[in-house]
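# Examination of the molecular architecture
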Amino acid sequence: MAQCEMCGAEKSSLTTTKVEGAELELCDDCKDFGTTVETESTSTTSTKYSTSSSDGSSSSTSGGSTGGGGGRRRDMFDQMDEIAGDYDEQIRAAREDEGLSREDLAKELNEKASLIGKLERGDVLPSDDVRKKLEKRLGISLAEGSGDDTSDWETDSSMTQTLGDVVERKGE
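Read on for an overview of the structure. (Residues numbered from 1 in each chain as written. Predicted model: local features only at pLDDT ≥ 70, side-chain atom pairs only at ≥ 80, totals over all residues. Heavy atoms only, no water.)

## Observations concerning the nonpolar core
Side chains of nonpolar character tend, in soluble globular proteins, to be buried together. Counting 14 residues, the largest nonpolar core has Ile91, Leu105, Leu134 and Leu138 as its most contacted members. Looking at this core, the elements that each hand over two or more residues are helix H1 (87–97), helix H2 (102–109), helix H3 (113–121) and helix H4 (128–138). The contact partners of Leu138, leaving out residues within four places of it in the chain, are Ile91, Ala94, Arg95, Glu98 and Leu105. Ranked by size, the runner-up nonpolar core spans seven residues in total, among them Cys4, Leu24, Leu26 and Cys30. (Core = buried A, V, L, I, M, F, W, Y, C linked by side-chain atoms within 4.5 Å. Buried < 20%, exposed > 50% of the residue type's maximum accessible area, 1.4 Å probe, protein only. Helix = DSSP H or I, 4+ residues; strand = E, 2+ residues; numbered from the N terminus. Contact = heavy atoms within 4.5 Å.)

## Re the packing of H2 against H4
Running from N to C, H2 and H4 cross one another at 110°; their axes reach a closest spacing of 10 Å. In this view, H2 runs roughly perpendicular relative to H4, as classed from their interaxial angle. Remark: the crossing between H2 and H4 carries right-handed chirality. Residues Leu105, Glu108 and Leu109 of H2 lie in contact with H4, whose contacting residues are Lys133, Leu134, Arg137 and Leu138. Residues belonging to the contact of H2 with H4 are distributed by class as follows: four nonpolar, no polar and three charged. (Axes fitted to C-alpha atoms, helices over the stretch in contact; angles between N-to-C directions. Parallel < 35°, antiparallel > 145°, perpendicular 65-115°, else oblique. Left-handed = near helix turned anticlockwise from the far one by under 90°. Nonpolar A, V, L, I, M, F, W, Y, C, P; charged D, E, K, R; others polar.)

Encoded structure:
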């Protein structure tokens, strides 16, 4: 038996439904909260996706085949490091430890002094290029963690939570 991703009910069949942009496997009771997604293969090179809502209206778009392969789909954010919450303080402290002014550091990094000021005030996040320059020149690490760390998402198998455990439905 499969488990509804919204309410957690054990059902023999679930329907793929798009709710707020996310595709979920939902039971018949919960599928009315979104739009049912149906996939039909029209050829080996393209796939037609059609969605129909509970009121009978439908829309269709076509796109290329995504190819085989199972498992979790990876995206660009899996490879990114998060910037540390105190990046502004780290940059300022490291610059002052080196005895550099904002203008001197900016000149060495081939950046504007105003950018260094904005970074130190926490007004802007450093781009990847600027972050790497700062880390190399000042000998600091502005990354909070590795993009491959999935420990936050691991759960104890005895505690399975569903979306229904976390959200409140409208009208209840």
